[in-house]
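Examining the three-dimensional arrangement
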Amino acid sequence: MNRTGQSTQFRERSAGGMKLVSGKAVRYALNQWQPLIVFTEDGGLPIHNNDTERDLRRLTIGRKSWLFLGSEAGGEVAARLYTLTASAHQHNLDLWAYLEDVLRRLAGGDSDLDALLPNAWAKSHPDKVRSYRQAESLARAAQTKARRARRRKPNRK
C-alpha cells in the first residue's frame, strides 16, 4: 500500500506516469488476436503443443550423448535421421521397416522424395503401420477425456 492507501501491486511506472499492468496484458492479447483465433477457424489444429514438447523432450535428454558427433556434417546427418525417425514414430510406422525401405531406395537412386515421407509411405505400406497399441492409445484418450469431464463438472452438495 502506498501512503494514499492505494495498492501499487498492479501498477508500474512509465515515462508518461503510472499504467496498469493488466492493460499491457490486454494490449498484448489484442495485438496477437489473429494467431489466437486460428484455432476457432481450423478445427484440425490442436490447441496445445504437448506432442511437440514430448518429441523435443527426447531430443533434450539425448543432447549430452550427441555432443561429439565427429564433425559438423555428422551433426547434420544425425539431425536429419532424428527428424526422420521422430516423424515415422509420430505416424505409428514400423521404424525398422520404414528406415530399411527408405535407405535402400535412396541408395538405389530413387529421386521421388515426397513418396518417402512418412505420411506418404504409410499410405503405400498400410501393413507396416503399427496398430497393436492403437486400442491402448484410444482407451487412454477416453480415460483422459472422462477425467477432464469430471473435473469440469461443478461440485453439487
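All values reported here derive from a predicted model rather than from experimental measurement. (Residues numbered from 1 in each chain as written. Predicted model: local features only at pLDDT ≥ 70, side-chain atom pairs only at ≥ 80, totals over all residues. Heavy atoms only, no water.)

1. Comments concerning the overall build of the protein
Which entries qualify depends on this criterion: In this text, helices come from DSSP runs of H or I with a minimum length of four residues, and strands from runs of E with a minimum of two, each type numbered from the N-terminal end. Using the Shrake-Rupley algorithm and a 1.4 Å probe, accessible areas are obtained, with residue cover drawn only from the displayed protein chains.
Along its length, the protein carries seven helices and two strands. Secondary structure elements of the protein, listed N to C terminal, follow the sequence β-β-α-α-α-α-α-α-α. By element, 55% of the accessible surface of the protein is carried by carbon and sulfur atoms, the whole surface being about 13400 Å².

2. Quick notes on the packing of aromatic side chains
Heads up, the condition is: Two rings belonging to Phe, Tyr or Trp (six-membered ring only in the last case) form a pair when the distance between their centres is within 6.5 Å. Interplanar angles under 30 degrees mark stacking, angles over 60 mark edge-to-face geometry, and anything in between is tilted. In this scheme, a residue with accessible area under 20% of its type's maximum is buried, one over 50% is exposed, and one in between is partly exposed, where area comes from a 1.4 Å probe on protein chains only.
The final tally for this structure, using the stated rule, is one aromatic pair. Taken together, a centroid distance of 5.1 Å and an interplanar angle of 75° make the contact between Tyr98 and Trp121 edge-to-face. Taken together, the positions of Tyr98 in helix H5 (residues 95-107) and Trp121 in helix H6 (residues 118-124) put the pair 23 residues apart, joining distant regions of the chain. When sorted by exposure, Tyr98 lands in the same class as Trp121, which is buried.

3. Quick word on the layout of surface pockets
What counts here: Here a cavity means grid points, on a 1 Å grid over the protein atoms only, where a 1.4 Å probe fits yet cannot get out; a pocket means an open set of points with protein on both sides within 12 Å along at least five of seven lines; lining residues are those with an atom within 4 Å of a point. Grid points are joined across faces, edges and corners, and a volume is the space filled by probe spheres set on the points.
In this structure, the largest pocket occupies an estimated 840 Å³ of space. The wall of the largest pocket is formed by 20 residues, among which Asp51, Arg54, Asn92, Ser137 and Arg140 lie closest to the centre. Within the residue set of the lining of the largest pocket, elements represented by two or more residues are helix H3 (50-62), helix H4 (72-90) and helix H7 (134-152). The dominant element in the lining of the largest pocket, judged by the number of residues it contributes, is H7, at nine residues.

4. Here we look at the nonpolar core
Condition: For the purposes of this section, nonpolar cores are sets of buried Ala, Val, Leu, Ile, Met, Phe, Trp, Tyr and Cys residues that join through side-chain atoms within 4.5 Å. We call two residues in contact whenever any of their non-hydrogen atoms come within 4.5 Å of each other.
Counting residues in each nonpolar core, the largest one holds nine residues, listed as Ala88, Leu93, Ala97, Tyr98, Leu99, Val102, Leu116, Trp121 and Ala122. Contributions of two or more residues to this core are made by H5 and H6. By residue number, the principal contributor to this core is H5, which donates four residues. Setting aside chain neighbours within four positions, we find Trp121 in contact with Leu93, Ala97, Tyr98, Asp101, Val102, Arg105, Ala115, Leu116 and Lys128.

5. Details of H4
In plain terms, the rule: Any helix carries an expected span of 1.5 Å times its number of residues minus one. Here the arc refers to the directions that run from the helix axis out to each C-beta atom.
For H4, built from 19 residues, the straight-helix expectation of 27 Å at 1.5 Å per residue is met to within 8% by its first-to-last C-alpha distance of 27 Å. Inspection of H4 places Thr85, Ala86 and Ala88 among the buried residues, and these make up the whole buried set. Seen end-on, H4 carries its buried residues on one side only, within an arc spanning 160°. Exposed residues pointing more than 90 degrees away from the buried face of H4 are listed as Glu72, Arg80 and Thr83. Next to the buried residues of H4 lie H5 and H6. The first or second residue beyond H4 is Asn92, which carries a positive phi of 60°.

6. A word on the side chain of His125
Stated formally: In protein, a polar contact means a hydrogen-donor-capable atom and an acceptor-capable atom, both N or O and within 3.5 Å, with residues adjacent in sequence counting only if both atoms are side-chain atoms; elsewhere, any N or O pair within 3.5 Å suffices.
Mapped onto the elements, His125 comes out in the loop between H6 and H7. Polar contacts involving the side chain of His125 include one to the side chain of Ser124, which spans 2.9 Å. Residues in contact with His125, not counting those within four places in the same chain, are Asp101 and Arg105.

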